[in-house]
Amino acid sequence: MSASTTRRTTAARSRIAAVGAIAVAGALILTGCGDQTEKKGSGDATKSNGAPLFSALPKKIQDAGVVKVGTDAAYAPMEYTEGGKIVGVDPDIAAALGKQLGVKFEFTSGSFDGLITSIYTGRQDAIMSSITDNEKRQKGLDDEGKQIGKGIDFVDYFSSGVSLLVKKGNPQGIKSLDDLCGKTVAVQRGTTYEDTFKAQATKCGDKKLTIEAFDTDAEAQTRVKAGGAVADLNDYPIAAYAAKTSGGGNDFEVAGQQADVGLFGIGVSKDNTQLRDALKQALDAIIKDGSYAKVLEKWNVKDSAVQSATVNAGK
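First, a word on scope: everything that follows refers to the structure included in this document. Only a predicted model underlies this, so the values are computations on that prediction, with no experimental measurement involved.

**Description of the nonpolar core**
Then step 1. With 48 residues, the main nonpolar core has Val-89, Ile-93, Leu-97, Leu-101, Phe-105 and Leu-279 as its most contacted residues.
Then step 2. The set of elements that each furnish at least two residues to this core consists of strand S2 (66-71), strand S3 (74-75), helix H3 (89-101), strand S6 (104-109), strand S8 (152-167), strand S12 (252-269), helix H9 (273-289) and helix H10 (291-298).
Then step 3. Broken down by element, the residue count for this core peaks at seven residues, all from H9.
Then step 4. When neighbours within four sequence positions are excluded, Leu-97 is seen to be in contact with Phe-105, Ile-266, Leu-279, Ala-282, Leu-283 and Ile-286.
Then step 5. In this structure, Leu-164, Tyr-193, Leu-209 and Ala-231 belong to the second largest nonpolar core, which totals 16 residues.

This is how it looks when you write it as structure tokens:
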């Protein structure tokens, strides 16, 4: 998503949901360090937890024993619901982080456009949902540059470009965004992908590009599958997963080349720099010990690996 502000990532990146992996609002799963220590009182939490980076966490999280994480579990393979549990790349990375930090990562699914607000309100400690790290989100700006919040910080853990997802056989011959002028596209509301389509609509001018926005990417995909829209936009790993799995590989295909490579980040409050820095240390640790690479290999997204943890590196 060149790193502009279009997508859950940048110029247009976010993710894609496999058919049937629609987010279940309120769905909950504890992912993290498996049988780590139970919640302890403030007096003995530090002494009883031998995880390498437990002491780096804020005391509130040490005492709770969990990091509360908001997500939109509708973007396989990054995060989706299967058998009542939230699974995917992000939960598995969080589980590896949890082993370093000595706490569990508790994922709750909700709407994507409400995730940053959940950080502002303190409902979640962090958000991890294939979210593109960009300057607007860092600064708390809306699409028009208006201040709507104080912004959040990102610990960047994944690199991805965006791709167009079209109906199998690509009947409209879509190869790039320019081929969308005069047509109708579908996209998840509130994502940087929607921003990308809006920018393209301006570029199309009189040859109008009609944008249909939906609450979930699964709905946008369904619209493309039914022929009501010619394309959906998503991060490459998500688009490729949908093309491979939806309808046994007979529903969609990825059109054109991957573009706009940018960074996904774990979002945290700007007031919680201790948690941010602990997450950064933990990410560097799992990169070093190889557990990060094993997660990416498991989900066939190893080309999206970062070499080291960074903070607010998105543009």
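That was the structure; now back to the text.
**Describing the state of the cysteines**
Then step 1. The full count for this structure, using the stated rule, is one disulfide.
Then step 2. The disulfide partner of Cys-181 is Cys-204, and the gap between their sulfur atoms is 1.9 Å. Residues Cys-181 and Cys-204 share a disulfide whose torsion about the S-S bond is about -80 degrees; that sign makes it left-handed. Remark: Cys-204 occurs in helix H6 (residues 192-204) and Cys-181 occurs in the loop between S8 and strand S9 (184-188); sequence separation between them is 23 residues.

**Observations regarding unusual backbone geometry**
Then step 1. Note that the residue after Ala-76, namely Pro-77, is joined by a cis bond; omega there is 5 degrees.
Then step 2. In this structure, Asn-300 is a non-glycine residue whose phi angle is positive, near 60 degrees.
Then step 3. With respect to the helices and strands, Asn-300 occurs in the loop between H10 and strand S13 (310-311).
Then step 4. Phi at Asn-312 takes a positive value of approximately 55 degrees, unusual for a residue other than glycine.
Then step 5. Take Asn-312: it is sitting in the segment after S13.

**Describing the layout of surface pockets**
Then step 1. Approximately 490 Å³ is the volume found for the largest pocket.
Then step 2. Around the largest pocket, the lining comprises 22 residues; the ones closest to its centre are Ile-116, Arg-137, Leu-141, Ile-148 and Gly-190.
Then step 3. Going through the elements one at a time, helix H4 (115-120), helix H5 (135-139) and H6 are the ones with two or more residues in the lining of the largest pocket.
Then step 4. Residue composition of the lining of the largest pocket, grouped by class: seven nonpolar, seven polar and eight charged.
Then step 5. Quantified by volume, the second largest pocket comes out at close to 360 Å³.
Then step 6. If you go around the second largest pocket, you meet 18 residues; those closest to its centre are Tyr-236, Pro-237, Ala-240, Asn-300 and Val-301.
Then step 7. Going through the elements one at a time, S8, helix H8 (236-245) and S12 are the ones with two or more residues in the lining of the second largest pocket.
Then step 8. When residues of the lining of the second largest pocket are assigned to their parent elements, the largest contribution, five residues, is made by H8.
Then step 9. Taken together, the residues of the lining of the second largest pocket break down into eight nonpolar, six polar and four charged.

Analysis parameters
- Residues numbered from 1 in each chain as written.
- Predicted model: local features only at pLDDT ≥ 70, side-chain atom pairs only at ≥ 80, totals over all residues.
- Heavy atoms only, no water.
- Core = buried A, V, L, I, M, F, W, Y, C linked by side-chain atoms within 4.5 Å.
- Buried < 20%, exposed > 50% of the residue type's maximum accessible area, 1.4 Å probe, protein only.
- Helix = DSSP H or I, 4+ residues; strand = E, 2+ residues; numbered from the N terminus.
- Contact = heavy atoms within 4.5 Å.
- Disulfide = S-S within 2.5 Å.
- 1 Å grid on protein atoms, 1.4 Å probe; cavity = no way out; pocket = protein on both sides within 12 Å on 5 of 7 lines; lining within 4 Å.
- Points joined across faces, edges and corners; volume = space filled by probe spheres on them.
- Nonpolar A, V, L, I, M, F, W, Y, C, P; charged D, E, K, R; others polar.

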